[in-house]
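# Examining the three-dimensional arrangement
What follows is each chain in one-letter form.
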Amino acid sequence: MTEGSRPAIVARGVRRAFGQVLAVDHVDMEVRTGSVTALVGPNGSGKTTLLLMLAGLLRPDAGTVEVAGADPASSAVARSAIGWMPDTFGTWDSLTVTEVLTTMAAAYRLPTDLGRARTTELLRLVHLEEFAATPAHALSRGQKQRLGLARALINYPPVLLLDEPASGLDPRSRVDLRVLLRRLAAGGVTVLVSSHVLAELDEMVDDAVFLSRGRTVSSEALLATTTQRRRWRLRSLDAEALQHWAFDHSVTLYPDNDAPVGGTSVLVELADDAAAARLLASAVAAGVPVASLAPVSGLLEQAYMSLDAERR
Ligand SMILES: Nc1ncnc2c1ncn2[C@@H]1O[C@H](COP(=O)(O)OP(=O)(O)O)[C@@H](O)[C@H]1O
Ligand SMILES: [Mg+2]
């Protein structure tokens, strides 16, 4: 098998308990090299525990984990291939933003000059240049997240493991994160990114691994949830024309409780994009002034909602 086709991350039958709590019950997954893959699941579904095992910081009770071709718990080569961003950071005492990164560079044995250059480069990348001399503990949550991301990148890792990196980020920083992760992936970096907030990931990932109660949800099960009929929001400039057309064509309209203010907004259930195209053509042909027709939520979000029902 060539290096390129080999998955960067493989987990087989992975299990980990903390006392009586079975945090990760059974995880099977493969993450494609050069992909951005979402690790998605409700609170308590085992995301952090799984990522800790993938990062080599926690040993599985059963099963095997492979990152960049080796077991991260025992292989220094695997560990040096990993950039790890935890969901929360320990206190860095009085270290400045710059010192956090140069200290990390030294821990990875980067030559001092290279460590400094990499630090400058990363501070620019995550837009923290103006905070270079600020004590890290004084940063806002979003700024800490960005520093954490820079820290995870210090050693040019080919595999990035990010635990809820978008949490606490403002919208601008989220867009930046998406652009950055896409760019890294385009350069061959494999990114596994967890979140319990689907909207954060829907547009940035190639693949998704769903966790539910410590188990990876089978792709068949997932397919079943994502091929359910989706809800679309239809906005019309003329409520009456809309009602008439719906009546004539036996289209069921559902009330839109989250309707944007102004105009008439209803929900319709559609099987797929083709059904949406037909519905739009029919409404427009009947003279309904349609302002917009769009899915209420992304596919990932819809699949996630079906898992969220079992949150613990
Ligand atoms: N160190 C620990 N000790 C005891 N229970 C833990 C520990 N870490 C996680 N758990 C439990 O394992 C389950 C999964 O937790 P976690 O992996 O943090 O999930 P997630 O990151 O998806 O929210 C939860 O029920 C959590 O309370
Ligand atoms: Mg977590």
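One structure accompanies this document, and this report is about it. What you are looking at is a predicted structure, and each value in this text was computed from that prediction instead of being measured.

## A short note on helix α8 (residues 239-248)
If you check which residues of α8 are buried, you get Ala-241, Leu-242, Trp-245 and Ala-246. Summarising the axial view, the buried residues of α8 lie within an arc of 130°, below the 170-degree limit, and thus occupy one face. Across α8 from its buried face, at more than 90 degrees, point the exposed residues Glu-240, Phe-247 and Asp-248. In this structure, the buried residues of α8 make contact with β10 (230-236), β12 (264-270) and α9 (273-285). Ser-250, located one to two residues past α8, shows a positive phi value of around 55°.

## Here we look at the site of ligand 1
By nearness alone, every residue bordering ligand 1 is listed as Phe-18, Val-21, Ala-23, Pro-42, Asn-43, Gly-44, Ser-45, Gly-46, Lys-47, Thr-48 and Thr-49. Between ligand 1 and the protein, one listed contact pairs an oxygen atom with a side-chain N or O atom of Thr-49 at 2.6 Å. For ligand 1, whose free accessible area comes to 560 Å², the fraction covered by protein is 61%. Those elements that place two or more of their residues in the shell around ligand 1 are β2 (21-31) and α1 (47-54). The biggest single contributor to the shell around ligand 1 is α1, with three residues. Considered class by class, the residues forming the shell around ligand 1 number four nonpolar, six polar and one charged.

## Notes on the pairing of β10
β10 sits mainly inside the fold: five of its seven residues count as buried. Relative to β12, β10 runs antiparallel, the two sharing seven bridges. Each residue of the ladder has a partner; that of Ser-236, found in β12, is Thr-264. Pairing between β10 and strand β13 (residues 290-295): five bridges, direction antiparallel. The partner of Arg-233 across the bridge, within β13, is Ala-294.

## Quick notes on the sheet that holds β13
The four strands are arranged β11-β12-β10-β13 in an open sheet whose pairing can be described as antiparallel. Two strands lie at the open edges of the sheet, namely β11 (254-255) and β13, each paired on one side alone. Here β11 runs beside β12; their pairing, made up of two bridges, is antiparallel. Bridge pairing in β12 places Pro-255 opposite Val-266.

Reading guide: rules and limits
- Residues numbered from 1 in each chain as written.
- Chains lettered and ligands numbered in written order.
- Predicted model: local features only at pLDDT ≥ 70, side-chain atom pairs only at ≥ 80, totals over all residues.
- Heavy atoms only, no water.
- Buried < 20%, exposed > 50% of the residue type's maximum accessible area, 1.4 Å probe, protein only.
- Helix = DSSP H or I, 4+ residues; strand = E, 2+ residues; numbered from the N terminus.
- Arc of directions from axis to C-beta.
- Contact = heavy atoms within 4.5 Å.
- Near = heavy atom within 4 Å.
- Polar contact = N/O pair within 3.5 Å; in protein donor to acceptor, adjacent residues only side chain to side chain.
- Areas by Shrake-Rupley, 256 points an atom, 1.4 Å probe, with all protein chains shown as cover.
- Nonpolar A, V, L, I, M, F, W, Y, C, P; charged D, E, K, R; others polar.
- Pairing = 2+ DSSP bridges.

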